[in-house]
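Structural features, examined
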Amino acid sequence: MSEKTAAGKTIQPASWRRRIGGLARLAAVAPTLGDKALRRRGFAESRIVSDWPAIVGEVLALQCAPEKMVFAKGATGGGTLHLRVAGAAALEIQHQIPVLIERINMVFGYSAIARIALKQGPLPKRRESLRPKLRQLKPEEAQKVTESVAGVERSDLRQALEDLGKAVTARAKAGSGKRTNS
């Protein structure tokens, strides 16, 4: 992650140089924390692991997970992606291989993957969603949110604001009643 100069001094990446009170910002360091471990497994970019559900879709992400990427020595393209697949889903995923290769290469922006090798076995445990469980809104609460955004002309913006308002209202403590703006 850091480089040494000819004089032997260590140079930190530019993203680490912006410091507050002598400490590096976590947001600047976090994307690179797992890179070294992932590079050992052949993942040139951690994106393929962290964004796996977005790349292949939620349904396929529940049935398979990337294990490692293997490239020919010195090559950066035309590699093999090894996937761990839940036993019953192997046949379905085998038929989806051309689509998976296309999606993965689209994310990388070049032909990084030429083939996919499947290995049946148990999948790693998935983390539960970090999103908090929202309570069910009362009809009058939902109506109040809908009325508050009724004046917005663009339907897509109105829908997004309504969804946000409902989520904020649902997260409010059940016994707090009205929320006040401070």
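Here is a short report on the structure shown in this document. All of these numbers come straight from a predicted model, not from anything done at the bench.

In space, the three strands of this open sheet follow the order E5-E6-E7, with mixed pairing throughout. What marks the edges here is a single partner per strand, and that holds for strand E5 (64–70) and strand E7 (113–120). The average undirected angle you get between the axes of adjacent strands in this sheet is 25°. Bridge count for strand E6 (residues 79–85) against E7 is seven bridges, and the pairing is parallel. Bridge pairing in E7 links arginine 84 to lysine 119. Along the sheet, helix H7 (residues 90–108) makes contact with E5, E6 and E7, crossing E7 at roughly 140°.

This next bit is on a nonpolar patch on the surface. A grouping of Leu157, Leu161, Leu164 and Val168 is seen on the molecular surface, where their side chains present a nonpolar patch of about 310 Å² in accessible area. Here valine 168 shows up in helix H9 (residues 155–171). Valine 168 sits in the partly exposed class, given a relative accessible area of 36%.

On to the packing of helix H8 (residues 139–148) against H9, then. At a closest axis distance of 9 Å, the pairing of H8 and H9 adopts a crossing angle of 140°. Taken together, the axes of H8 and H9 are oblique relative to one another. H9 is crossed by H8, and the crossing has right-handed handedness. Mapping the contact onto sequence places Glu141, Ala142, Val145 and Thr146 in H8 and Glu162, Gly165, Lys166 and Thr169 in H9. When its residues are assigned to classes, the contact of H8 with H9 shows two nonpolar, three polar and three charged.

A few words now on the side chain of glutamate 162. If you trace the backbone, glutamate 162 turns up in helix H9. Look at glutamate 162 and you get buried, because its relative accessible area is 13%. Other than its neighbours up to four places away in sequence, glutamate 162 contacts Val145, Thr146 and Val149.

With that out of the way, let us pick up the pattern of salt bridges. Throughout the structure, instances matching the rule amount to four salt bridges. The closest approach of N and O atoms between arginine 135 and glutamate 141, which form a salt bridge, is 3.1 Å. Exposure remark for arginine 135: the relative accessible area of 27% places this residue in the partly exposed category. A salt bridge links aspartate 156 to arginine 154, with the shortest nitrogen-to-oxygen separation between them at 3.0 Å.

With that out of the way, let us pick up the side chain of arginine 84. With respect to the helices and strands, the residue arginine 84 is situated in strand E6. The class for arginine 84 is buried, based on a relative accessible area of 17%. Of the polar contacts made by the side chain of arginine 84, one reaches the side chain of glutamate 67; its length is 2.7 Å. Residues in contact with arginine 84, not counting those within four places in the same chain, are Gln63, Cys64, Ala65, Glu67, Lys119, Gln120, Gly121, Pro122 and Leu123.

Procedures and definitions
Residues numbered from 1 in each chain as written. Predicted model: local features only at pLDDT ≥ 70, side-chain atom pairs only at ≥ 80, totals over all residues. Heavy atoms only, no water. Pairing = 2+ DSSP bridges. Helix = DSSP H or I, 4+ residues; strand = E, 2+ residues; numbered from the N terminus. Axes fitted to C-alpha atoms, helices over the stretch in contact; angles between N-to-C directions. Contact = heavy atoms within 4.5 Å. Patch = residues over 30% accessible without salt bridge, like charges linked within 9 Å, V, L, I, M, F, W, Y side chains within 5 Å. Areas by Shrake-Rupley, 256 points an atom, 1.4 Å probe, with all protein chains shown as cover. Salt bridge = Lys/Arg side-chain N within 4 Å of Asp/Glu carboxyl O. Buried < 20%, exposed > 50% of the residue type's maximum accessible area, 1.4 Å probe, protein only. Parallel < 35°, antiparallel > 145°, perpendicular 65-115°, else oblique. Left-handed = near helix turned anticlockwise from the far one by under 90°. Nonpolar A, V, L, I, M, F, W, Y, C, P; charged D, E, K, R; others polar. Polar contact = N/O pair within 3.5 Å; in protein donor to acceptor, adjacent residues only side chain to side chain.

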